[in-house]
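Coordinate inspection notes
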Amino acid sequence: MKKVIAIVLCLVMCVGALAACSNSTESKMKVGFIFLHDENSTYDLNFLNAAKETCEKLGVEYILRTNIPEDQKCKETAEDLIDQGCTIIFADSFGHEDYLIEAAKDHPEVQFCHATGTKAHTANLSNFHNAFASIYEGRYLAGIAAGMKLNEMIASGKITADQAKMGYVGAFTYAEVISGYTSFYLGAKSVCPSVTMEVTFTGSWYDETAEKEGALKLISNGCVLISQHADSMGAPTACESNNVPNVSYNGSTIKEAPNTFIVSSRINWSPYFEYMIGQVKDGKAIDTDWTGTIATGSVVLTDVNTNVAAAGTVEAIEAAKAQLEAGTLHVFNTDTFTKDGAKLDSYLADVNTDADFTPDTEVISDGYFHESEKRSAPYFDIQIDGITLLDVNFG
Amino acid sequence: MNGKTHTPLIQVSKRETLPWQKSWLIRGIAIVAALVVCALITTMLTGENPIQVYGSMVSGAFGTGRRIWQLLRNVAILLTISLAVTPAFKMRFWNVGAEGQVMAGALACTVTMLYLGDKLPNALLILVMLIASVAAGALWAFIPAFFKAKWNTNETLFTLMMNYIATQLIAFFIVWKYPNGTGTMGIVNQDTRAGWLPRLGGNEFILIILVSVVITALMYVYLNYTKHGYELSVVGESERTARYVGIKVGKVVLRTLILSGAVCGIVGFLLVAGVHHSISTNIAGGQGFTAVMVSWLAHFNPIMMVFSSFLLCFLGQGADQISTDLGLDHAFGDILTGVILFFIIGSEFFINYKIKFRSGEERKGEIENA
């Protein structure tokens, strides 16, 4: 029997080896991508689409590895991709960062690019880079669409101005999420001054049940419009079945929610992927921190669903977008929000990551909070007035 | 029934123990049958060439030197957890709490690593981490064992519940430590590497593999050649007999479960200090449950467990590669793994039981009698 097993194993290995040989072509550039989840997560799908599209456009080979957890498996996957000839490794989740840094230390000849990470500017590694986009600008624009919808409800007598309460399903009480919901809120407030918002947290980036339950809880609390920063279809489908308008994230959810989807903001990762691959092709260094903007095409909005959105939404968004691009409008203008009833003139943010979240960098000047300028990942973590956090004891 | 005996169409009866060649032949046939069924499923559902799918599977496990090392390391971890649950199973104590015991060990290890990282020299730190892990794992198994011995509580439910408590303790610890984080711990002592297990000859896998080899040998001896091992198998066969011959059942239960938990604690230690250098609620990754299968498939024989854990790790790693190479969902690889396991577990039925169909003559006799 042992002999038989040995023979079978040998045969199978030969087949495997042959299969491996037939795959190898002339040495093209190869990029390896590491994703936390797979295409079922709107967040990862957004990356997956951009990765495929960009690599095919530029004619480089690529390998996609999905469902890679935020542990040693991330480093091992990166090394496996390097073994297969990848010279650029990209990972898409915050928790991948430490493991990617470990891989970067061991493989100085390979470039490591990481979305949403915070440590590149302090890691002292020339081959480790962070990237993000000023998505708070996209959230702000999406917020305008939400505010316009609220105004429509107020005008039609469906709700009073005081009842203009939005709900937001967040993942964690983490700066990226706080920055996201605050900019969304400020966008809504810019057109509907009486708006308030409740935020619930699921304690996970992807938990369809919890996101759905979170959205239902907010709806039963009297929220008349929902948005989310969590990656499943939980919130959009909860909104659709309760006929509550939804402002989505990471991409259009109009298919799942045709009667409630208004608009969605998302980061378009193609410009970064093009940049990252281009720099390596040209033998140039990749920026330690790269922040995409509306101008680079990194922050985009989907088409507005005019069946649900209030009249004039498209125009209002376009107008604000032009102002953002021109630099005449700042999302975190300190005149537009207060903390504990007072305007902020100064704020120390935790830009240089350390275990205790020590605030270290002044980020308010010229009348606004400078988000994503000191590093690519967001660091706006102020709890402003008008937003109520429902539950912060997730886990 | 007119007082006549009725011969059923299919008769199932317990077999005498089969010679090992025969039982392995049955297992071999099961694997071949499983591969055929998997090939059919693959072609029908995906239209992919099944040979290519199997090629991916093999390449996922053996394709590069690094993959082979990882496979061996994964086998070592799964094997050690399986060894941990085995003495309890042999005693018919259904410890399904290995998952939680590993997590408890891992949590104790992480806490020690985090808070004593800059206070102790590295060798001493690692020793303290090991002791903490073993103690926590043992405690996590001792609690249900104590209740079982004292009040005869249901150990299956109790050990299962302890898993959830361990998961939530880890989740709570991470949120408590990093209230504004994303539910991940990040690497502990990344700059100083304090408390990280040394890489023997630059290889991060060997130490873990060696530990599992030693534990396998010790467990084999413990179960087969010691008084303790004998006592727990007597308790497993019949508690009454055990009492009759003067074995203190409660004491054996407690002692065995502490051993079970302690070995799980060692795995928690290895996972934190030797693999992830961090902790997450997923650190045991369901292996505490897979270990139940490994142990049963191997009939509680530590040497056979090497093969059964190898098989399961191979299937797992192979399934991963299938989804990468062929762009199929991870669930597809899991379906194939499930089919293969179904056949392998099913083959145990044919090894242990004889199936006899009603012969034509018996049927004829019945008709005549009627």
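Just so it is clear, the model here is predicted, and its values are computed rather than measured. (Residues numbered from 1 in each chain as written. Chains lettered and ligands numbered in written order. Predicted model: local features only at pLDDT ≥ 70, side-chain atom pairs only at ≥ 80, totals over all residues.)

**Details of the overall build of chain A**
- Summing up its helical and strand segments, chain A has eleven helices and 17 strands in all.
- The C-alpha atoms of chain A give a radius of gyration of 23 Å, which matches the 21 Å a tight globule of 395 residues would have.
- Taken over the C-alpha atoms alone, chain A extends approximately 80 × 45 × 40 Å along its principal axes.
- Relative to its 395 residues, chain A shows a buried fraction of 52%.
- In chain A, of all internal contacts separated by at least 6 residues, the share reaching a separation of at least 24 is 66%. (Helix = DSSP H or I, 4+ residues; strand = E, 2+ residues; numbered from the N terminus. Rg over C-alpha atoms; globule rule 2.2 N^0.38 Å. Buried ≥ 20, exposed ≤ 12 C-beta atoms within 10 Å, placed from the backbone. Contact = placed C-beta atoms within 7 Å.)

**Some points on the overall build of chain B**
- The number of helices and strands found in chain B is 14 helices and two strands.
- For chain B, the spread of C-alpha atoms along the principal axes amounts to about 90 × 60 × 40 Å.
- Taken over 370 residues, chain B has a buried fraction of 43%.
- The long-range share in chain B, meaning contacts at least 24 apart out of those at least 6 apart in sequence, stands at 79%.

**Considerations on the pairing of strand E4 (residues 111-115) of chain A**
Residues and elements named next belong to chain A.
- Across the five residues of E4, five count as buried, placing the element largely inside the fold.
- Here E4 shows no split at all, with Gln111, Cys113 and Ala115 on one side and Phe112 and His114 on the other all buried.
- At this point the chain moves from strand E3 (residues 88-91), through helix H4 (residues 97-106), to the parallel E4, and the crossover so formed is right-handed.
- Of the pairings in the sheet, the one linking E4 to strand E5 (residues 128-133) comprises four bridges and is parallel in character. Paired with Phe112 across the strands is Phe128, a residue of E5. (Right-handed = clockwise from strand over helix to strand, strands pointing away. Pairing = 2+ DSSP bridges.)

**Section: the pairing of strand E2 (residues 353-357) of chain B**
All names here are of chain B.
- Counting buried residues along E2, only zero of its five residues qualify, which leaves the element largely exposed.
- In this sheet, E2 lies alongside strand E1 (residues 10-14) in antiparallel orientation, the contact comprising five bridges. By the bridge assignment, Gln11 is partnered in E2 with Lys356.

**Overview of the domain arrangement of chain A**
All names here are of chain A.
- Segmentation of chain A into domains returns domain 1 (27-134 + 270-292) and domain 2 (135-266 + 299-326 + 371-391).
- The straight-line distance from the C-alpha centre of domain 1 to that of domain 2 is 29 Å.
- Across the contact, 19 residues belong to domain 1 and 17 residues belong to domain 2.
- Going through the elements one at a time, helix H2 (42-58), E5 and strand E11 (289-292) are the ones with two or more residues in the side of domain 1 that touches domain 2.
- When the residues that make up the side of domain 1 that touches domain 2 are grouped by side-chain class, the tally is six nonpolar, twelve polar and one charged. (Domains from an automatic or database assignment. Nonpolar A, V, L, I, M, F, W, Y, C, P; charged D, E, K, R; others polar.)

**Quick look at the interface of chain B and chain A**
- Facing 37 residues of chain B, the contacting portion of chain A comprises 35 residues.
- Secondary structure elements with two or more residues in the side of chain B that touches chain A: helix H1 (20-46), helix H2 (50-62), helix H3 (65-90), helix H6 (155-177), helix H10 (249-276) and helix H12 (302-326) of chain B.
- A per-element tally of the side of chain B that touches chain A places H2(B) first, with seven residues.
- Its residues placed into classes, the side of chain B that touches chain A shows eleven nonpolar, 23 polar and three charged.

**Considering the sheet that holds strand E6 (residues 165-170) of chain A**
Residue and element names in this part refer to chain A.
- Read from one edge to the other, the open sheet built from seven strands follows the order E12-E10-E9-E8-E6-E7-E17, with strand pairing classed as mixed. The open sheet has two edge strands with one neighbour each: strand E12 (299-301) and strand E17 (387-391). When strand polarity is set aside, the average angle formed by the axes of neighbouring strands in this sheet is 20°.
- Note that strand E7 (residues 196-201) and E17 share four bridges and pair parallel. Looking at the pairing, Glu198 lines up with Thr388 of E17. (Axes fitted to C-alpha atoms, helices over the stretch in contact; angles between N-to-C directions.)

**Things to note about the sheet that holds strand E2 (residues 61-65) of chain A**
All names here are of chain A.
- If you walk across this open sheet you meet the six strands as E2-E1-E3-E4-E5-E11, and the pairing is parallel. Pairing within the sheet leaves two strands with one partner each, and these edge strands are E2 and E11. Each strand of the sheet is rotated relative to its neighbour by a mean of 20°, with strand direction disregarded.
- In the packing of helix H10 (residues 270-281) onto the sheet, the strands contacted are strand E1 (30-34), E3, E4, E5 and E11, and the crossing angle to E11 comes to about 140°.

**What to know about the nonpolar core**
- Counting residues in hydrophobic clusters, the biggest one holds 116 residues, and the most contacted among them are Ile89(A), Leu100(A) and Ala145(A).
- With eleven residues, the single largest contributor to this core is helix H6 (residues 135-155) of chain A.
- In this structure Leu100(A) touches Cys74(A), Ala78(A), Ala91(A), Phe112(A), His114(A) and Phe128(A), once residues within four positions along its chain are discounted.
- Formed by 95 residues, the second largest nonpolar core is a distinct cluster that contains Ile81(B), Leu197(B), Phe205(B) and Leu312(B). (Core = buried A, V, L, I, M, F, W, Y, C linked by C-beta atoms within 7 Å.)

**A closer look at unusual backbone geometry**
- One non-glycine residue, Ser372(A), lies in positive phi territory at about 55°.
- Residue placement: Ser372(A) occurs in the loop between strand E16 (368-369) and E17.
- The phi dihedral of Asn189(B) is positive, around 55°, even though this residue is not glycine.
- Inspection of the secondary structure puts Asn189(B) in the loop between H6 and helix H7 (206-225).

**Examining H10(A)**
Residues and elements named next belong to chain A.
- Between its first and last C-alpha atoms H10 spans 16 Å; for twelve residues at 1.5 Å apiece the expected length is 16 Å, and the two agree.
- Here H10 has its buried residues at Pro271, Tyr272, Phe273, Met276 and Ile277.
- On its buried face, H10 sits against E1, H2, E3, E4, E5 and E11.
- Backbone geometry just after H10 places Gly283 at a positive phi near 70°. (Expected span 1.5 Å × (residues − 1).)

**Some words on the confidence of the model for chain B**
Residue and element names in this part refer to chain B.
- For chain B, the mean per-residue pLDDT works out to 91, and 96% of the residues sit at or above 70.
- Per-element averaging of pLDDT across chain B places helix H14 (residues 360-369) at the bottom with 62 and helix H4 (residues 98-116) at the top with 97.
- Scored as a whole, the predicted complex attains pTM 0.87, and scored at its interfaces, ipTM 0.88. (pLDDT = per-residue confidence, 0-100.)

**Some points on H12(B)**
All names here are of chain B.
- Given a rise of 1.5 Å per residue, 25 residues ought to cover 36 Å, and the 36 Å separating the end C-alpha atoms of H12 matches this to within 8%.
- With respect to burial, H12 is a largely interior element, 19 of its 25 residues being buried.
- Within two residues after H12, Gly327 carries a phi angle of roughly 65°, on the positive side.

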